[in-house]
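In case you want the letters, here they are:
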Amino acid sequence: MTSARVTSSGGRLTEGARLRIVMHDSGGDSTFEPQVQVADAGVELRWLGKMGPGWIADGQHRFTVERLGPHRVRLTQSERFTGVAVPFAQGVLTSRTLPQFRAMNEALAERAEALGS
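Described below are features of the structure shown in this document.

### Points about the overall build of the protein chain
Helix and strand counts for the protein chain stand at one helix and seven strands. Along the protein chain, helices and strands appear, N-terminal first, in the series β-β-β-β-β-β-β-α. Expressed along its principal axes, the backbone C-alpha trace of the protein chain runs to roughly 45 × 35 × 25 Å. A buried classification covers 23% of the 117 residues belonging to the protein chain. As displayed, the protein chain offers around 8,100 Å² of accessible surface, 53% of which is attributable to carbon and sulfur atoms.

Structure (structure tokens):
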């Protein structure tokens, strides 16, 4: 994920807000506009992206923060895909989407470690 911004009126990251997220891979940029389901600062951010009317392919993306001690947290990123098209898109999800999530995790870890030193 190379950028994410709130696009709904008010510009606040709250439940029901719309986002515009850009992901980048070897095939170029892809953009999607999910709706926020949970926005609990320092605890959880979850959104749902839909392809089509909702039963074709949905992706529920989730970030959770777990406090491990003073100045230490664990960030977990997960995605759950559902819908009739998901079995047919499994190869693309594995080969293109998963590496994008890993790259974002690595970049975030590098930034967090730089801030902590």
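Next comes the rest of the description.
### Some words on the sheet that holds strand 2 (residues 19–25)
Strand order in the open sheet made by the three strands is 1-2-3, with antiparallel pairing throughout. With partners counted over all chains shown, the strands left at the sheet margins are strand 1 (3–6) and strand 3 (28–32), one partner each. Ignoring strand direction, the axes of neighbouring strands in this sheet form an average angle of 15°. Pairing of strand 1 with strand 2 involves four bridges; the strand directions are antiparallel. Bridge assignment links V6 to a residue of strand 2, and that residue is L19.

### As for the sheet that holds strand 7 (residues 72–82)
Sheet architecture is open: four strands sit in the order 4-5-6-7, paired in antiparallel fashion. Each edge of the open sheet carries a strand with a single partner, namely strand 4 (35–40) and strand 7. When strand polarity is set aside, the average angle formed by the axes of neighbouring strands in this sheet is 10°. Contacting strand 6 (57–69) and strand 7, helix 1 (residues 86–116) runs over the sheet at an angle of about 165° to strand 7.

### Thoughts on the side chain of Q100
Checked against the element boundaries, Q100 lands in helix 1. Once residues lying within four places of it in the same chain are set aside, the contact partners of Q100 are M1, M23, H24 and D25.

Reading the values: rules and limits
- Counting starts from 1 at the beginning of each chain's written sequence and moves along it residue by residue.
- Owing to the predicted nature of the model, reporting of local features is limited to residues with pLDDT of at least 70; listing and counting of side-chain atom pairs is limited to 80 or more, with chain, interface and lining totals taken over all residues.
- Only hydrogens and water are set aside; all other atoms, that is, all heavy atoms of the structure, feed into the side-chain values.
- Segments assigned H or I by DSSP are reported as helices when at least four residues long, segments assigned E as strands when at least two residues long, and all are numbered from the N terminus.
- We call a residue buried when its accessible area falls under 20% of the maximum for its residue type, exposed when it is over 50%, and partly exposed in between, using a 1.4 Å probe and counting protein chains only.
- Only the protein chains shown count as cover for residues, and all accessible areas are computed by the Shrake-Rupley method using a 1.4 Å probe.
- When DSSP finds two or more bridges between a pair of strands, those strands are recorded as paired.
- Interaxial angle, 0 to 180 degrees, is taken between N-to-C directions of lines fitted to C-alpha atoms, where a helix line uses only the stretch in contact.
- The criterion used for residue contact is that any of the two residues' heavy atoms lie within 4.5 Å.

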